[in-house]
Amino acid sequence: MNDTGLVVAIKNVKKSFGNNVVLDGINLDVSKGEVVVICGRSGSGKSTLLRCIDQLETVDSGEIRAAGHLMGFKELNAKIVPLKDASVAIQQRDIGMVFQNFNLFPHVSVLENIMIAPTRILKRKKDEVEKEALALLERVGLPDKKNAYPRQLSGGQQQRIAIARALAMKPKLMLFDEPTSALDPEMISEVLDVMVDLSKAGMTMIVVTHEMGFARAAADRVILMHDAKIVEDATPKDFFENPKSEHTRLFLSKILQH
């Protein structure tokens, strides 16, 4: 993004849906290679923040710089000008997004799911992309599923394919929106293991999740959102052992009981 090493710089971002304020002056920096976990109760603004970073939602005010882009805008003659959808789509290529529901294309194979974006959007050669896609399948532990269709896979397998598909675009930033919340308990660890490996490989990641084990194991920072604001931003050790916010203490007392 610049020589400061920031991949994400969010400044005073505000977003409302009607009278419902969902982001109330959010400030957040994420450095290259950093893994930031965002947690908080439902409705606190976590998923909306991710969607604003990736321009699936537009902000009401403030700015988001991510993966080298002023998201949704360009600077022209000392003015900030909104981008058309096609230009926003070019910005989005540098950001990988993994959702709760895997959003795979049901009518094509696993291998084709991974290859579609690099070949159609980036116009890359099919044989090069196929080689990389097979390596990604190996990376997520599913090399034997290349010819399978999504309906033939478990939820955990589908989510690992969704991660591989996002990685196929070689993103500078990965966003995960509760990637394990739709999975059966026994499938959660296989997805989290892939995400831990990504973090060890130096991928910059922002992860919305309630999986506190992942936060302890892989996060550089853990953030709590409450009522549209960031109320805690700490190392995992301080977050779990010495939280500053009363909201964090209450959140942990509830979630760690389960």
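Calculation rules
- Residues numbered from 1 in each chain as written.
- Predicted model: local features only at pLDDT ≥ 70, side-chain atom pairs only at ≥ 80, totals over all residues.
- Heavy atoms only, no water.
- Pairing = 2+ DSSP bridges.
- Helix = DSSP H or I, 4+ residues; strand = E, 2+ residues; numbered from the N terminus.
- Buried < 20%, exposed > 50% of the residue type's maximum accessible area, 1.4 Å probe, protein only.
- Phe/Tyr/Trp six-rings, centres within 6.5 Å; stacked < 30°, edge-to-face > 60°.
- Lys NZ or Arg CZ within 6 Å of the ring centre and 35° of its normal.
- Axes fitted to C-alpha atoms, helices over the stretch in contact; angles between N-to-C directions.
- Parallel < 35°, antiparallel > 145°, perpendicular 65-115°, else oblique.
- Left-handed = near helix turned anticlockwise from the far one by under 90°.
- Contact = heavy atoms within 4.5 Å.

Q: How would you summarise the pairing of strand E1 (residues 6-17) if you had to cite specific residues and measurements?
A: Taken residue by residue, a regular strand's side chains alternate between the two faces of the sheet. Of the strand pairs in this sheet, E1 and strand E2 (residues 20-31) are connected by nine bridges, and their pairing is antiparallel. In the strand pairing of E2, Ser16 is matched with Val21. Here E1 pairs with strand E4 (residues 61-66) via five bridges, running antiparallel. Bridge pairing in E4 places Ala9 opposite Arg65.

Q: Residue-level account of helix H1 (residues 46-53), with values.
A: Of all eight residues making up H1, six are buried, and the element is well covered by its neighbours. Taken together, the buried positions of H1 are Lys46, Thr48, Leu49, Leu50, Cys52 and Ile53. One or two positions beyond H1, positive phi appears at Gln55, with a value near 65 degrees.

Q: Give a detailed account of the packing of aromatic side chains, specifying residues and quantitative values.
A: Given two aromatic rings, their pairing is described by the distance between the two centres and the angle made by the two planes. Following the criterion strictly, the structure yields one aromatic pair and no others. An angle of 80 degrees between the planes, with centres 5.3 Å apart, marks the rings of Phe239 and Phe240 as edge-to-face. The class for Phe240 is buried, based on a relative accessible area of 12%. The ring of Phe240 carries Arg216 above its face, with NZ or CZ at 4.0 Å from the centroid.

Q: If you had to explain the packing of helix H3 (residues 110-120) against helix H4 (residues 126-139) to someone new, which residues and values would you point to?
A: Axis separation between H3 and H4 bottoms out at 9 Å; the angle between their running directions is 130 degrees. Put simply, H3 runs oblique to H4. In this structure, H3 crosses over H4, and the sense of that crossing is right-handed. Together, Val110, Leu111, Ile114, Met115, Pro118 and Thr119 of H3 and Lys126, Val129, Glu130, Ala133, Leu134, Leu136 and Leu137 of H4 make up the contact between the two elements.

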